[in-house]
Amino acid sequence: MIWQPEIECMEQAALRDLQSQRLVKLVQWVNDRVPFYQAAFQQKGLTPSDIKTIDDIQRLPFTKKTDLRDNYPFKLFAVPMSEIAEIHASSGTTGNPTVVAYTKNDIKIWGEVMARALASAGATKDDIVQNAYGYGLFTGGLGVHYGCLELGAAVVPVSSGATKRQLKLMEDFGSTVITCTPSYALFMAEEAVEMGLDPKKFKLKVGIYGAEPWTHNMRKEIEARWDVKAIDIYGLSEIIGPGVAIECVEGQDGLHLFSDHFYPEIIKPGTDLPAQAGETGELVLTTLTKEGIPLIRYRTGDIVSMIEGTCPNCGRTSPRISKVRGRTDDMLIIRGVNVFPSQIESVLLQIEEAEPHYLLVVNRVGSLDQLEVQVEVNEKIFSDEVKQLETLRKRIQKEIESTLNIVVSVKLVEPRTIERSMGKAVRVIDNRELYQ
Ligand code: DLL
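Residues numbered from 1 in each chain as written. Predicted model: local features only at pLDDT ≥ 70, side-chain atom pairs only at ≥ 80, totals over all residues. Heavy atoms only, no water.

Engineer: Would you mind going over the packing of aromatic side chains with me for this structure?
Structural biologist: For any pair of aromatic rings, the description rests on two quantities: the centre-to-centre distance and the angle between the ring planes. In this structure the tally under the stated criterion is 8 aromatic pairs. Summarising the aromatic geometry, the rings of Tyr102 and Trp110 are spaced 4.6 Å apart at their centres and angled 5 degrees between planes, so their arrangement reads as stacked. Like Trp110, Tyr102 is buried. With 6.1 Å between their ring centres and 50 degrees between their planes, Tyr184 and Phe187 make a pair best called tilted. Of this pair, Tyr184 and Phe187 are both found in helix α8 (residues 182-194), 3 residues apart, which corresponds to roughly one turn of the helix. The burial state of Tyr184 is the same as that of Phe187; both residues are buried. Through pairs of rings, three or more aromatic residues link up here, namely Phe36, Tyr37 and Phe41. Against the face of Trp214 rests Lys323, its NZ or CZ located 3.7 Å from the ring centre. (Phe/Tyr/Trp six-rings, centres within 6.5 Å; stacked < 30°, edge-to-face > 60°. Buried < 20%, exposed > 50% of the residue type's maximum accessible area, 1.4 Å probe, protein only. Helix = DSSP H or I, 4+ residues; strand = E, 2+ residues; numbered from the N terminus. Lys NZ or Arg CZ within 6 Å of the ring centre and 35° of its normal.)

See the structure below:
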């Protein structure tokens, strides 16, 4: 179902007009209210009247995560605190957290785009949505929650964790939609089996998974374990939270980006230059309608490609982004070769004997980088003879080396020894800083 067909299926020309109007208003809005933007525009010799259409967006300066941190906590807010309805923040492992804020109208728009997202995944008001994204400062829980209210679906605000209770509720309530990270979906399936339940027998029809990178192969794995459709949802707190883009259940082929609110550009990584049409690069987003803390040309760090044109599967006209391939800052450089963890995940998940649980550990030995891929195998394989395990280990090593063109070591580890995640999974431990 298309929640707002008059917008989601808008003619391209009308969409561009709307984007232009909104950009003009936004530039004036931040120039009048946020000294940071005023200074940034001045530095480029720009005044708001220079921005007349959406095509002028390329003249505007970029914003980055460090701008949010440097202006901690409230200096990028464009409205007085009396207008702010909700504040969220990233956990921020180092330095200041990233703070974001919403006016009442921003929350209304969040609910709307999330209702579009849920509908795109096939949810309706008849569904019971078990929302296992964390509630709290993380935007996942409340974002999905507002979307369910708007859609009219019954939301179960169970949050992440307490997995046994989670599964009991899922069974007793007959939840039809689950929302959580893909890694938590796998963990829940494992726990269900441990509890003597068959994940395929739950009433679930669809899972809406996001907040961390996951490959197509991981999708197959989750779909097979749960017998559900696995839909990819993308978003980030700085822009709104979940609800920036989502796949349609009809195609599961690219994530529809709600570009009437979030204007996308793709930039060649490491530069300020636009990528060619269809080329993979860094996603840059502008919040066209945000009041509380609008962001202009925000560098998300997420690596995607973009497909323009009407979706042949559902008819939405907004551009689609590919699944996120990784982040500019989680790309590993191993002896000069660029490696995304998702490339390794993709290889591992094609190997039947390997479980979808892995950890990448990078060390520096002498002056050389060494990547160790730890991967779990199941009970049956693990109890095999040493010789068979060694053959498997070598096979995995060869697959990774020939796909990625790097030398790696592979360590097979016992079932259920790699730490499970209820939120965003940690897949990489880079010890190289320790040696510097
Ligand atoms: O993760 C918002 C969200 C919640 C999205 C629930 C989807 C579902 P942050 O904590 O600010 O916000 O993290 C944002 O997570 O820049 C990406 O690097 C990554 N990310 C989010 N969704 C996806 C996805 C939420 N579907 C950062 N695939 C983003 C890959 C994703 N990476």
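After that view, the rundown keeps rolling.
Engineer: Looking at this structure, how should I read the site of the ligand?
Structural biologist: In the vicinity of the ligand there are 21 residues, among which Asp232, Ile233, Ser237, Asp302 and Lys424 approach most closely. Between the ligand and the protein, one listed contact pairs a nitrogen atom with a backbone N or O atom of Pro213 at 3.5 Å. Lys424 is positioned such that a nitrogen or oxygen atom in its side chain is 2.9 Å from an oxygen atom of the ligand. When isolated, the ligand has an accessible area of 600 Å², and the protein chains bury 92% of it. Listing elements by their share of the shell around the ligand, those giving two or more residues are α6 (139-151), β7 (229-236) and β8 (241-247). (Near = heavy atom within 4 Å. Polar contact = N/O pair within 3.5 Å; in protein donor to acceptor, adjacent residues only side chain to side chain. Areas by Shrake-Rupley, 256 points an atom, 1.4 Å probe, with all protein chains shown as cover.)

Engineer: I keep staring at empty space enclosed by the protein and nothing clicks. Help me out?
Structural biologist: Sizing a probe to match a water molecule and rolling it over the atoms shows the empty space that remains. Evaluation of the coordinates by the stated rule reveals 3 cavities of 30 Å³ or more. Within this model, the largest cavity holds a volume of roughly 60 Å³. Lining the largest cavity are Ile7, Glu8, Leu15, Arg116, Phe258, Ser259, Asp260, Arg316, Thr317 and Ser318. Of the residues contributing to the lining of the largest cavity, the split by class is 3 nonpolar, 3 polar and 4 charged. One number sums up the size of the second largest cavity: a volume of about 40 Å³. (1 Å grid on protein atoms, 1.4 Å probe; cavity = no way out; pocket = protein on both sides within 12 Å on 5 of 7 lines; lining within 4 Å. Points joined across faces, edges and corners; volume = space filled by probe spheres on them. Nonpolar A, V, L, I, M, F, W, Y, C, P; charged D, E, K, R; others polar.)

Engineer: Honestly, the side chain of Glu282 in this entry has me stumped. Any pointers?
Structural biologist: Residue position: Glu282 is located in strand β11 (residues 281-287). A distance of 2.9 Å separates a polar atom in the side chain of Glu282 from the backbone nitrogen of Gly301. Setting aside residues up to four positions removed in sequence, Glu282 forms contacts with Glu265, Ile266, Ile267, Pro269, Arg299, Thr300, Gly301, Asp302, Ile303 and Thr328. (Contact = heavy atoms within 4.5 Å.)

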